[in-house]
Amino acid sequence: MSLRLPPPGTNGDIRLIRTSLPLLREDPQDCPRGNALRARPLLGQVPPRPRGKPVEDFALGPVMSVLDAIEHAGESVDSALTRLLRNQRYHAGHVSWAESAVRSYLRARAAREAQRRVLGRPPTLPVRAQWTAIAQSEVPDARGAIRYERTAWGRRYASADGSERELWLLSVNSVKKDRPPAEIAEAAAVTATGLPSRSAFQDIFRPAPGRTVRPQRVRIVGVGCGKGDHDVLADWDADEVERRFTKDAKPVLRRVIEDDRLNPGSSCTRCEGLVACEQLRRAPGVLGVPGPRRPRTRRSVSASDLRVHARCPAQFHLTRVLHLKSEDPESEPIRRGRAVDEWLNLRHAHGCCRMAPLPDALPGLSPAELTTALALLAEHQRACPLDGLPSDEVVRVQPRLTAYDPELDVVLIADPDLLYTRSGGWIWHETKTAAKPPWEGRALMETYPQLAFAVLMMSAGVPGGDPRRSLIELEVLYRGEEGTGKSRSEEIDPGDPDTLTEARRIIAGLAGPWAVDETYAPTPGGHCGGCDVLAHCPAGRACMEAR
């Protein structure tokens, strides 16, 4: 579908189209129209939306700031990191992680420069100016554009004579292994053809001093700032860059800037067209809590987010917002739960899994660990919820469901394990794995807040259907004392007034502190032992040492 500009609820100049590397990933969770609007940086919401942040929510922000001071201002590593420690814009755990990330990055740079010397290639030096590929015309084209800017965010380096350029693409944890060919080709093309430029908010890229000779060769390097691993993603001459761009990147760029399909999800938080989006379900006041005392940028939230925040706000900010994680091996229950979930998703995509042969292996599990997982899968097969479902019913596997609370400017996100129709209603099915029989001595929705979240979503009309025929199902798989798989199942009527009242109480109790939090202070306790960011939390380490 062709994009209509400007969409309702927006205003601004559509004559500039600017693309960045993330737009070329065509992530199925992204919204195509949202991405097309992101490519129009001078188009904005009317009235303008708040953009304040009590603390920085971009993990690589402090890393780039420190590297700029080191590579472009000549500051020592220790001096630049000392200044970072004093910066109040960043959470203390974020600063701790950034310090180790900077050192990991610099070690990766030294290793790759040593490799260049071994290969007999010239050393590279940091480049301050951004590289931007620019095309300008006097008359608007069919898209209404007169200027196209193509950018590639990362760290830039070039040989002294300009014959070689490098672009380093930073990832938060380890090297991003799933960058599509279009993204790598576009990174190489912008590196090869981009002109030195400076950016400014709500403005075009302006020329900057710098070498304009086109390089003969470019190299794209991926680096994981958390783990410190690095890899060469492309090492091409100018002709190969052009060939790859034409084949891999150019068709994707064309699709991205023209697509008008809607797919609400997490990316709604950055969309300028959200206010008038015709597909996103409105649910004013659905969380039942007051908003923050100061206007702040739009956020998304899920039941998992609220549960983590209730356990430890610092862990929430570092893992759910900044997406930092430990490189330590995951526990067996986590790996087992993921393996069971992935196998069920694969089978349910084709319908009922009851007659499917059980696998000989599951990703991430050893042969000794496989036994329990297979017992849980066999127990699920015994009463698969899709068994006997008529073929004309709709089945969706882990669909992303959304609702929007305009009072809080918050997008609610949920990913049911299964969503299927039955006699005009929708059945929201959650499958959980556990080490023991569940919810003994505790209310069901207290134990599993995602069920209370589902009740609120369905009460707001998500996903739709006949509410009198809609249900929420919970299936908990666990291992019995004799080693066989066991299960417990429950049904929740989202239309029951008492159930809705209880769900509102539970979610308001979780969402209230989250909605107003501006500091994300740690709350150390027994949960610290399994925390992904324990290494960057002094309070958590002290708690563990004292136990």
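This report concerns the structure included in the present document.

### Observations concerning the packing of helix α5 (residues 181-193) against helix α6 (residues 238-258)
Part 1 of the argument: Where α5 contacts α6, the two axes come as close as 8 Å, and the packing angle between them is 120 degrees. Taken together, the axes of α5 and α6 are oblique relative to one another. Our pair here, α5 against α6, has a crossing hand that is left-handed. Counted together, P181, A182, A185, E186, A188, A189 and A192 of α5 and V241, R244, F245, D248, A249, V252 and L253 of α6 form the full contact between these two elements.
Part 2 of the argument: Broken down by class, the residue content of the contact of α5 with α6 amounts to eleven nonpolar, no polar and three charged.

### Here we look at the side chain of R116
Part 1 of the argument: The topology assignment puts R116 in helix α4 (residues 92-118).
Part 2 of the argument: When its relative accessible area of 0% is taken as the criterion, R116 is described as buried.
Part 3 of the argument: Here R116 is in contact with R121, P122, P123, T124, E164, E166 and R219, once residues within four sequence places are set aside.

### Some thoughts on the sheet that holds strand β5 (residues 130-136)
Part 1 of the argument: In space, the five strands of this open sheet follow the order β2-β6-β5-β9-β10, with mixed pairing throughout. With partners counted over all chains shown, the strands left at the sheet margins are β2 (16-19) and β10 (206-207), one partner each.
Part 2 of the argument: When β5 meets strand β6 (residues 147-151), the two strands line up antiparallel, connected through five bridges. Considered in β6, the bridge of I134 is made with E149.

### Brief notes about the nonpolar core
Part 1 of the argument: If you look at the biggest cluster of nonpolar residues, it comprises 45 residues, and the most contacted ones within it are L287, L412, W428, F453 and M457.
Part 2 of the argument: Setting aside residues up to four positions removed in sequence, W428 forms contacts with L401, A414, P416, L418, L419, A454, M457, M458, V462, L471, I472 and E473.
Part 3 of the argument: If you look at the next biggest cluster of nonpolar residues, it comprises 31 residues, including A189, V218, F245 and I257.

### Brief notes about the sheet that holds strand β11 (residues 217-224)
Backbone hydrogen bonds are what pair the strands of a sheet, in a parallel or an antiparallel way.
Part 1 of the argument: Read from one edge of the open sheet, five strands run β4-β7-β8-β11-β12, paired in mixed fashion. Each edge of the open sheet is held by one strand with a lone partner, namely β4 (124-126) and β12 (230-237). Shown here is a sheet whose adjacent strand axes are inclined to one another by a mean of 25 degrees, direction ignored.
Part 2 of the argument: Packed onto the sheet, helix α2 (residues 61-71) meets β4, β7 (155-159) and β8 (164-171) and runs at close to 30 degrees relative to β7.

About the criteria used
Residues numbered from 1 in each chain as written. Predicted model: local features only at pLDDT ≥ 70, side-chain atom pairs only at ≥ 80, totals over all residues. Heavy atoms only, no water. Axes fitted to C-alpha atoms, helices over the stretch in contact; angles between N-to-C directions. Helix = DSSP H or I, 4+ residues; strand = E, 2+ residues; numbered from the N terminus. Parallel < 35°, antiparallel > 145°, perpendicular 65-115°, else oblique. Left-handed = near helix turned anticlockwise from the far one by under 90°. Contact = heavy atoms within 4.5 Å. Nonpolar A, V, L, I, M, F, W, Y, C, P; charged D, E, K, R; others polar. Buried < 20%, exposed > 50% of the residue type's maximum accessible area, 1.4 Å probe, protein only. Pairing = 2+ DSSP bridges. Core = buried A, V, L, I, M, F, W, Y, C linked by side-chain atoms within 4.5 Å.

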